[in-house]
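A closer look at the structure
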Amino acid sequence: MLKIKYLSFFLMFTLLCFSPLSWALNILFINPAQKGQPNWDKAQELVAIAAQQLNIKVIYKRVNEKKRSALYPIFEALEDKSTPIDAVIFMASSGDDNALLFSTLEQLQLPFITLENSLDERDYKNLGYPREKFSYWLTQKGFNDHESGYKLALSLFKEAERMFPPR
């Protein structure tokens, strides 16, 4: 539950980063999970609510179940010329697709934000960090799982003390 709160905060903050008041945007949001995964289904619902409030159109795609890379759904959306894409939000998974994906987004001058801390040291060595090698890679919104675990444990202890007060 705590992770959903952080995720929703980051996603709404991310949408706010793309929301100038003078024009509407078309943002491509790549859901990194298949339908039926509660955290990401809820995240997509929250993105839809925030986008509506901010007058942002969001195009939703999901990663392929077998190939978890965001590369294919992003390329598929870019090929569809019926809706221009102004920015992309996705979870970069560790692997070889990132160099091609990041380079393509950079060449197209499409701002992008990556979600979660799913890249490893080898990826960072090749890609750098946001705005280091790719100027259109605006930021990476991640979560501190250790802090989240600590806060969850703390809240569980407090609830236990409330339910079973010391005597």
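This text goes with the structure placed above it.
The sections below set out a description of the structure shown in this document. For every chain, the first residue of the written sequence is number 1, and numbering continues from 1 onward in sequence order. Local features in a predicted model are, by the rule used here, given only for residues with pLDDT of at least 70; side-chain atom pairs are given and counted only at 80 or more, and totals for whole chains, interfaces and linings are based on all residues. Only heavy atoms go into the side-chain values, all of them from the structure, while hydrogens and water stay out.

A few words on the packing of aromatic side chains. The relation between two aromatic rings is expressed through the spacing of the ring centres and the mutual angle of the planes. Only rings of Phe, Tyr and Trp enter the pairing, Trp through its six-membered ring, and a pair is recorded when the two centres are within 6.5 Å. The plane angle decides the type: under 30 degrees is stacked, over 60 is edge-to-face, the rest tilted. The final tally for this structure, using the stated rule, is eight aromatic pairs. Aromatic side chains F102 and F112 sit 4.9 Å apart centroid to centroid with 65° between the ring planes, which places their arrangement in the edge-to-face category. In this pair, F102 sits in helix α4 (residues 97-107) while F112 sits in strand β4 (residues 112-115), placing the two residues 10 residues apart along the sequence. Summarising the burial analysis for this pair, F102 and F112 share the class buried. The secondary structure listing takes helices from DSSP runs of H or I that are at least 4 residues long and strands from runs of E that are at least 2 residues long, numbered from the N terminus. Think of it in three bands: with a 1.4 Å probe and only protein chains considered, a residue is buried below 20% of the maximum accessible area for its type, exposed above 50%, and partly exposed in between.

On to the nonpolar core, then. The biggest cluster of nonpolar side chains holds 23 residues, and the ones touching the most others in it are I74, V88, F90 and F102. Among the elements of the structure, β1 (25-31), α3 (71-79), β3 (87-90), α4 and α5 (121-127) are those that each provide at least two residues to this core. Ranked by the residues each element gives to this core, the list is headed by α3, at four residues. We call two residues contacting when some pair of their heavy atoms lies within 4.5 Å. Contact partners of F102, with chain neighbours within four places excluded, come to F90, A92, F112, T114, L127, F134 and W137. We define the nonpolar core as a collection of buried residues of types Ala, Val, Leu, Ile, Met, Phe, Trp, Tyr and Cys that are connected through side-chain atoms lying within 4.5 Å of one another. Residues F29, A43, A87 and M91 belong to the second largest nonpolar core, which totals 14 residues.

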